[in-house]
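Residues per chain are reported as follows:
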Amino acid sequence: MKVQARHILVESLATTVDIQNRIKAGESFNQLAQQYSSCGSKHRGGDLGEFGPGQMVKPFEDATFALPVGGLSEPVQTQFGYHIIQRTA
C-alpha cells in the first residue's frame, strides 16, 4: 500500500502547534509550508509525493498511514524536528 502526503517540518513544538491551529482555522497549508518548513519540499507546498512502507522514518510513516485521506496529524516528532502531516491520497 502506498500513500501520498505533504508536511511542514519545524524545530519547535510550539511553532508546530501554532501552524496546526492556523491550518485548522482555514489558512493555506501550501503557503504555511512555503513560509515555515525547513524541508526542501516546502517549494512544493510540502508535497512529498507517493511513498510506501519503509521509505520514511517510522514515527512519520506510522502517523501518515494512520490518517484518513485529507486528515491532518497531531505534531509528530522525529530526529529531524516536528512535523504536521496531511495525507493527500
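Residues numbered from 1 in each chain as written. Predicted model: local features only at pLDDT ≥ 70, side-chain atom pairs only at ≥ 80, totals over all residues. Heavy atoms only, no water.

Novice: Now, about the pattern of salt bridges: what can you tell me, with residues and values included?
Specialist: Overall, the coordinates contain three salt bridges when judged by the stated rule. R22 is paired through a salt bridge with E27; the nearest N and O atoms lie 2.9 Å apart. (Salt bridge = Lys/Arg side-chain N within 4 Å of Asp/Glu carboxyl O.)

Novice: Hey, could you go over the sheet that holds strand β1 (residues 3-10) for me, with residue numbers and the actual values?
Specialist: Reading across from one edge, β2-β1-β4-β3 is the order of the four strands in this open sheet, with antiparallel pairing throughout. Only two strands of the sheet have a single neighbouring strand rather than two, namely β2 (47-51) and β3 (76-78). Between one strand axis and the next, the sheet turns through 40 degrees on average, direction left out of account. Across six bridges, the pairing between β1 and strand β4 (residues 81-87) is antiparallel. Bridging from a neighbouring strand, L9 pairs with H83 of β4. Packing against the sheet, helix α1 (residues 13-24) makes contact with β1 and β4, and its axis sits at approximately 20 degrees to β4. Relative to the sheet, helix α2 (residues 29-36) contacts β1 and β4, its axis offset from that of β1 by approximately 45 degrees. (Pairing = 2+ DSSP bridges. Helix = DSSP H or I, 4+ residues; strand = E, 2+ residues; numbered from the N terminus. Axes fitted to C-alpha atoms, helices over the stretch in contact; angles between N-to-C directions. Contact = heavy atoms within 4.5 Å.)

Novice: I'd love a proper account of the packing of aromatic side chains, names of residues and values included.
Specialist: Counted under the stated rule, the structure contains two aromatic pairs. Between F51 and F65, the aromatic rings sit 6.4 Å apart at their centres with planes inclined by 75 degrees, giving edge-to-face as the arrangement. Placement of the pair is F51 in strand β2 and F65 in helix α3 (residues 58-66), with a sequence separation of 14 residues. F51 sits in the buried class, given a relative accessible area of 1%. Take F65: its relative accessible area is 22%, and that puts it in the partly exposed class. Cluster of aromatic residues (ring-pair linked, three or more members): F51, F60 and F65. (Phe/Tyr/Trp six-rings, centres within 6.5 Å; stacked < 30°, edge-to-face > 60°. Buried < 20%, exposed > 50% of the residue type's maximum accessible area, 1.4 Å probe, protein only.)

Novice: Run through the pairing of β4, naming residues and quoting values.
Specialist: Among the seven residues in β4, seven count as buried, and that is most of the element. Two strands pair when backbone bridges link them, and β3 and β4 are joined in this way by three bridges, in the antiparallel orientation. Looking across to β4, one finds that V76 is bridged to H83. Between β3 and β4, which pair antiparallel and follow one another directly, the connecting turn spans two residues.

Novice: Lay out the nonpolar core in plain terms, naming residues and giving numbers.
Specialist: Within the largest apolar cluster, nine residues are counted, these being I8, V10, I19, I23, F29, L32, A33, Y82 and I84. Of all elements in the fold, only β1, α1, α2 and β4 reach the threshold of two or more residues within this core. In contact with V10, other than residues within four places in its own chain, are T15, T16, I19, Y36, G81 and Y82. In this structure, F60, L67, V76 and I85 belong to the second largest nonpolar core, which totals eight residues. (Core = buried A, V, L, I, M, F, W, Y, C linked by side-chain atoms within 4.5 Å.)

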